[in-house]
Amino acid sequence: PGKTGPSNETRWLEFQSKVDAGLENLTAKDIPFPALPLNLSYKTQRDEEKRRNLVRLLQLRWHPDKFMQSYGRLLVESEKEAILKRVKEVS
């Protein structure tokens with residue numbers, strides 16, 4: 001089976017670029033939540049190091065407190081609770 005769209009990382013980088021350019025009033029639709037479950041299984045030791053680095057990156061990116069610190073002020077108030085719930089599911 002082939003890929004069906006941009007990778008989680010590509011989608012995140014596009015999102016972050018828009019936020020850096022001044023995107024505000026974020027809704028759940030704007031946030032590139034990763035497709036779950038994440039495939040984090042690797043076969044070699046070198047790949048295991050990549051996995052650890054990826055897990056750390058994702059933990060920092062999707063930690064509820066970190067996410068709210070970075071993006072909370074930009075969220076549409078009426079969607080804030082639902083977005084935070086989804087962030088917690090990812091973390």
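What you are looking at is a predicted structure, and each value in this text was computed from that prediction instead of being measured.

When helices and strands are counted, the protein chain shows four helices and zero strands. Burial statistics for the protein chain: of 91 residues in total, 22% are counted as buried. Put simply, the protein chain shows about 6800 Å² of open surface, and 49% of that area lies on carbon and sulfur atoms.

The backbone phi angle of N25 is positive, close to 55°, even though this residue is not glycine. Relative to the assigned elements, N25 resides in the loop between α1 (8–20) and α2 (45–62).

Low-confidence regions, as indicated by low pLDDT, have predicted coordinates that should not be scrutinised in detail. The share of residues in the protein chain with pLDDT of 70 or more is 88%, and the mean pLDDT across the chain is 88. α2 is the least confidently modelled element of the protein chain, averaging 84 in pLDDT, while helix α3 (residues 64–71) averages 97, the highest of any element.

What follows concerns the packing of aromatic side chains. Enumeration according to the criterion identifies seven aromatic pairs in this entry. Pairing W62 with F67 gives two aromatic rings, centres 5.7 Å apart and planes at 15°, and the pair type is stacked. Classification of F67 as buried rests on a relative accessible area of 0%. Clustering of aromatic rings is evident, with ring pairs tying together W12, F15, F33, W62, F67 and Y71.

Further remarks concern α1. Structurally, the α-helix is built with 3.6 residues per turn, so residues lying three or four positions apart point the same way. Look at α1: 18 Å from first C-alpha to last across 13 residues, which is about the 18 Å you get at 1.5 Å a residue. Restricting attention to buried positions, one finds in α1 the residues W12, F15 and V19. Along the axis of α1, the buried residues cluster in a sector spanning 65°; they form a single face. Residues of α1 that are exposed and point more than 90 degrees away from the buried face comprise L13, K18 and D20. The first or second residue beyond α1 is G22, which carries a positive phi of 110°.

The next subject is the side chain of R61. Note on placement: R61 falls in helix α2. Residue R61 is classed as buried on the basis of its relative accessible area, which comes to 13%. Reaching out from R61, the side chain makes a polar contact with the side chain of E9 at a distance of 2.9 Å. In this structure, R61 is in contact with E9, W12 and F67, ignoring residues within four places of it in sequence.

Quick notes on the rules
Residues numbered from 1 in each chain as written. Predicted model: local features only at pLDDT ≥ 70, side-chain atom pairs only at ≥ 80, totals over all residues. Heavy atoms only, no water. Helix = DSSP H or I, 4+ residues; strand = E, 2+ residues; numbered from the N terminus. Buried < 20%, exposed > 50% of the residue type's maximum accessible area, 1.4 Å probe, protein only. Areas by Shrake-Rupley, 256 points an atom, 1.4 Å probe, with all protein chains shown as cover. pLDDT = per-residue confidence, 0-100. Phe/Tyr/Trp six-rings, centres within 6.5 Å; stacked < 30°, edge-to-face > 60°. Expected span 1.5 Å × (residues − 1). Arc of directions from axis to C-beta. Polar contact = N/O pair within 3.5 Å; in protein donor to acceptor, adjacent residues only side chain to side chain. Contact = heavy atoms within 4.5 Å.

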